[in-house]
Amino acid sequence: MRVTMTTRVSGTRDGERWPPIGDTIDLPTDEAEALIDAGLAEPAGKPHKNDETTDEAPKGEKRRKR
């Protein structure tokens, strides 16, 4: 199962560093679901909650120019 990291995980997995926030990794389904349940990752393809994907700015803030 492919997941997108939402949190920085320290250490390594199978001798490789965990990907940074926003990058994806393929994992066995049970491991991927455990990371999702723990809030460390989300299914790949789902917009990250911190992504600025709307044109609406929070109240009191200006819109970011693209």
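Before reading further, recall that the structure is shown in the block above.
Residues numbered from 1 in each chain as written. Predicted model: local features only at pLDDT ≥ 70, side-chain atom pairs only at ≥ 80, totals over all residues. Heavy atoms only, no water.

1. Some thoughts on the overall build of the chain
At step 1: In terms of regular secondary structure, the chain is built from one helix and five strands.
At step 2: Sequence-ordered secondary structure for the chain, helices as α and strands as β, is β-β-β-β-α-β.
At step 3: Look at the contacts in the chain between residues 6 or more apart in sequence, and 41% of them connect residues 24 or more apart.
At step 4: On the chain, roughly 5300 Å² of surface is accessible, and the fraction owed to carbon and sulfur atoms is 46%. (Helix = DSSP H or I, 4+ residues; strand = E, 2+ residues; numbered from the N terminus. Contact = heavy atoms within 4.5 Å. Areas by Shrake-Rupley, 256 points an atom, 1.4 Å probe, with all protein chains shown as cover.)

2. Here's the deal with the sheet that holds strand β1 (residues 2-5)
At step 1: The sheet built from three strands is open, its strands ordered β4-β1-β5 with antiparallel pairing. The outermost strands of the open sheet, each flanked by one partner alone, are β4 (24-26) and β5 (41-43). Adjacent strand axes in the sheet meet at a mean angle of 35°, parallel and antiparallel pairs treated alike.
At step 2: Relative to β4, β1 is paired through three bridges, and the arrangement is antiparallel. Paired with Thr4 across the strands is Thr24, a residue of β4.
At step 3: Running at roughly 120° to β5, helix α1 (residues 29-37) makes contact with β1 and β5 of the sheet. (Pairing = 2+ DSSP bridges. Axes fitted to C-alpha atoms, helices over the stretch in contact; angles between N-to-C directions.)

3. Observations concerning the environment of Asp30
At step 1: With respect to the secondary-structure elements, Asp30 resides in helix α1.
At step 2: Separated by 29 residues in sequence, Asp30 and Met1 have C-alpha atoms that sit 8.7 Å apart.

4. A short note on unusual backbone geometry
At step 1: Non-glycine residue Asp14 carries a positive phi angle of around 50°.
At step 2: Looking at the element boundaries, Asp14 is found in the loop between β2 (12-13) and β3 (16-17).
At step 3: Taking the relative accessible area as the measure of exposure, Asp14 reaches 67% and is therefore exposed. (Buried < 20%, exposed > 50% of the residue type's maximum accessible area, 1.4 Å probe, protein only.)

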